[in-house]
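Take a look at the letters that make up each chain.
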Amino acid sequence: MAKKIPMRMCVSCRERFAKKDLIRVVATPDGQTVIDPTGRMAGRGAYVCHDPECMKKALDRKQFDKGLKTKVDLETIRPELEKLSETQENSGAGAETGDVGKNKKSEDAK
Ligand SMILES: [Zn+2]
């Protein structure tokens, strides 16, 4: 049962985490930069851990620009990251309420 966990590095603190424990920011082929909650979008990815400090530093120091080798639209991803850092605090208690997550996704799609 040797399960291989893909490890990725946080662009801010440079620690390694399981890929699923990181937030992926993707530079899509059409030049957009977006948060990729599924981890499956096409494009070059950079990762940040769930530490709010790391998210802040990554934005302030333009670590995503470096990691993605492109100009990142911080105004797009900053509020997304802030949203994620908030939901993270509730994730322990609400792990089984899948409906909540579905509602959020339909909002984001607009
Ligand atoms: Zn970090």
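Residues numbered from 1 in each chain as written. Predicted model: local features only at pLDDT ≥ 70, side-chain atom pairs only at ≥ 80, totals over all residues.

Peer 1: Report on the overall build of the chain, specifying residues and quantitative values.
Peer 2: The number of helices and strands found in the chain is four helices and five strands. Within the chain, the fraction of its 110 residues that count as buried is 21%. Once local pairs closer than 6 in sequence are excluded, the contacts in the chain between residues at least 24 apart make up 50%. (Helix = DSSP H or I, 4+ residues; strand = E, 2+ residues; numbered from the N terminus. Buried ≥ 20, exposed ≤ 12 C-beta atoms within 10 Å, placed from the backbone. Contact = placed C-beta atoms within 7 Å.)

Peer 1: Account for the pairing of strand β4 (residues 33–36), naming residues and giving values.
Peer 2: As paired strands, strand β3 (residues 23–27) and β4 are joined by four bridges and run antiparallel to one another. Bridge pairing links Ala27 to Thr33 in β4. If you look at the hairpin formed by β3 and β4, you'll find five residues sitting between the two strands, and Gly31 has a positive phi there, around 90°. (Pairing = 2+ DSSP bridges.)

Peer 1: Give me the lowdown on the sheet that holds strand β5 (residues 44–48), citing residues and values where you can.
Peer 2: Strand order in the open sheet made by the three strands is β4-β3-β5, with antiparallel pairing throughout. Only two strands of the sheet have a single partner each, and these edge strands are β4 and β5. Ignoring which end each strand starts from, the neighbouring axes of this sheet average 30° apart. (Axes fitted to C-alpha atoms, helices over the stretch in contact; angles between N-to-C directions.)

Peer 1: If you had to explain unusual backbone geometry to someone new, which residues and values would you point to?
Peer 2: Outside of glycine, negative phi angles account for most residues, and trans bonds account for most peptide bonds. In the Ramachandran plot, Lys62 falls in the positive-phi region, its phi being about 55° despite a non-glycine side chain. Along the chain, Lys62 turns up in the loop between α1 (52–60) and α2 (63–68). Even without being a glycine, Lys69 presents a positive backbone phi close to 55°. Mapped onto the fold, Lys69 is located in the loop between α2 and α3 (74–90).

Peer 1: Go over the nonpolar core with me, naming the residues and quoting the values.
Peer 2: With 18 residues, the main nonpolar core has Cys10, Val11, Tyr47 and Val48 as its most contacted residues. Residue assignment for this core shows that the elements contributing at least two residues are β3, β5, α1 and α3. Those residues in contact with Val48 that lie beyond four places of it in its chain are Cys10, Val11, Ser12, Leu22, Ile23, Cys54, Met55 and Ala58. (Core = buried A, V, L, I, M, F, W, Y, C linked by C-beta atoms within 7 Å.)

Peer 1: Tell me about the environment of Met55, residues and numbers included.
Peer 2: With respect to the secondary-structure elements, Met55 resides in helix α1. Taking the C-alpha atoms as reference points, Met55 and Leu81, 26 residues apart in sequence, are found 7.0 Å from one another. Ignoring sequence-local partners within four residues, the contact set of Met55 consists of Val48, Leu81 and Ser85.

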